[in-house]
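Architecture at a glance
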Amino acid sequence: MIYIVLIAVIGILLLQGTGAIPLDSVGGAMTVAMAVLAGTLAVAIHEAWTRKRGVLGWIVNIAVSFVGAFLIAPLGGMVMVMLLAPFMDGASSLASAGGPRMSIALAGQMAITLLGSWAALWFVNRWR
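Read on for a plain summary of the structure. Remember, predicted model here, so these are calculated numbers, not experimental data.

Cut-off values and rules
Residues numbered from 1 in each chain as written. Predicted model: local features only at pLDDT ≥ 70, side-chain atom pairs only at ≥ 80, totals over all residues. Heavy atoms only, no water. Helix = DSSP H or I, 4+ residues; strand = E, 2+ residues; numbered from the N terminus. Buried < 20%, exposed > 50% of the residue type's maximum accessible area, 1.4 Å probe, protein only. Core = buried A, V, L, I, M, F, W, Y, C linked by side-chain atoms within 4.5 Å. Patch = residues over 30% accessible without salt bridge, like charges linked within 9 Å, V, L, I, M, F, W, Y side chains within 5 Å. Areas by Shrake-Rupley, 256 points an atom, 1.4 Å probe, with all protein chains shown as cover. Salt bridge = Lys/Arg side-chain N within 4 Å of Asp/Glu carboxyl O. Contact = heavy atoms within 4.5 Å. Expected span 1.5 Å × (residues − 1). Arc of directions from axis to C-beta. Axes fitted to C-alpha atoms, helices over the stretch in contact; angles between N-to-C directions. Left-handed = near helix turned anticlockwise from the far one by under 90°. Parallel < 35°, antiparallel > 145°, perpendicular 65-115°, else oblique. Nonpolar A, V, L, I, M, F, W, Y, C, P; charged D, E, K, R; others polar.

So, about the environment of Leu-75. In this structure, Leu-75 sits in helix H3 (residues 55-84). With relative accessibility at 41%, the residue Leu-75 sits in the partly exposed group.

Right, let's get into the nonpolar core. Grouped together as the largest cluster of nonpolar side chains are 23 residues, with contacts concentrated most on Ile-12, Val-32, Leu-94, Leu-106, Met-110 and Leu-114. Among the elements that make up this core, the one with the highest residue count is helix H5 (residues 99-127) (eight residues).

What follows deals with a nonpolar patch on the surface. Together, Ile-2, Tyr-3, Leu-6, Ile-7, Ile-10 and Leu-14 line one region of the surface with nonpolar side chains, adding up to about 700 Å² of accessible area. Here Ile-10 shows up in helix H1 (residues 2-17).

What follows is about the side chain of Ser-117. Assignment of secondary structure puts Ser-117 in helix H5. Look at Ser-117 and you get buried, because its relative accessible area is 0%. Ignoring sequence-local partners within four residues, the contact set of Ser-117 consists of Thr-40, Val-43, Ser-65, Gly-68 and Ala-69.

Given a rise of 1.5 Å per residue, 16 residues ought to cover 22 Å, and the 22 Å separating the end C-alpha atoms of H1 matches this to within 8%. When we look at burial in H1, the residues that qualify are Ile-4, Val-5, Ala-8, Val-9, Ile-12 and Gln-16. Buried residues of H1, viewed axially, fall in a sector of 130°; they line one side. For H1, the exposed residues set more than 90 degrees away from the buried face come down to Tyr-3, Ile-7, Leu-14 and Gly-17. Where the residues of H1 are buried, they touch helix H2 (26-50) and H5. Positive backbone phi, at 85°, marks Gly-19, one or two positions downstream of H1.

Now for unusual backbone geometry. Positive phi values are uncommon outside glycine, yet Lys-52 reaches one of about 50°. Position of Lys-52 among the secondary structure elements: in the loop between H2 and H3.

The subject of this paragraph is the pattern of salt bridges. On inspection of all chains with the given rule, the structure shows two salt bridges. Between Glu-47 and Arg-51 there is a salt bridge, with the nearest N and O atoms lying 2.9 Å from each other. Arg-53 is the partner of Glu-47 in a salt bridge, and the nearest nitrogen-oxygen pair spans 3.4 Å. Exposure remark for Arg-53: the relative accessible area of 22% places this residue in the partly exposed category. Overlapping salt bridges bring together Glu-47, Arg-51 and Arg-53 as one network.

The geometry of H3 relative to H5 is characterised by a closest axis approach of 7 Å and an angle of 145° between their N-to-C directions. The two elements H3 and H5 cross, and the hand of that crossing is right-handed. On H5, the residues that touch Asn-61, Val-64, Ser-65, Gly-68, Ala-69, Ile-72, Ala-73, Gly-76, Gly-77, Val-79, Met-80 and Leu-84 of H3 are Arg-101, Ile-104, Ala-105, Gly-108, Gln-109, Ile-112, Thr-113, Gly-116, Ser-117, Ala-120, Leu-121 and Val-124.

Looking now at the packing of H1 against H5. Orientation of H1 relative to H5, taken along the N-to-C sense of each, is 150°, at an axis distance of 9 Å. If you check the angle between H1 and H5, you find them roughly antiparallel. At the point where H1 passes H5, the crossing takes the right-handed sense. Each of Ile-4, Val-5, Ala-8, Val-9, Ile-12, Leu-13 and Gln-16 in H1 lies in contact with H5, whose residues at this interface are Gly-99, Met-102, Ser-103, Leu-106, Ala-107, Met-110, Ala-111 and Leu-114. Here the residues of the contact of H1 with H5 sort into 12 nonpolar, three polar and no charged.

Below, the structure is given as C-alpha cells:
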C-alpha cells in the first residue's frame, strides 16, 4: 500500500512539474481527478489481488475503493487548504499560488484520498 501511495504522489508531482496540469482551466482539475482515480483503482486491484478475491470480490473492492475515495477526497482538499492557507501570500487559490504550495497540496490530496480508499476497504474487510 505504501508503494502505491508513493508512486501516486510521485506521479502527480511529475504531472505538475512538467506542466501537464493546466492551472487556468477545468482541464487541470480533470487531470488531477484522473490521477486520483488511477491511484484509487490501483489500491483496489492490489487489495483484490493480494487477498485472492473472486470476480465478485474484485467488483466489490473496486466499488468500495471508489466510494471511499469519493467520500474522503473533498475532506482531503479542505484539510490541505486549511493547512496551507496561512502561506498563500494573498493568492485566491492554491492553483494561482502555484509553486511548492501547489505541489504540497497535490501530494497531500493524493495521499489522503488513497488512505481513505484503503480505509474503506479495511472497513469492509472487517465485515467479510
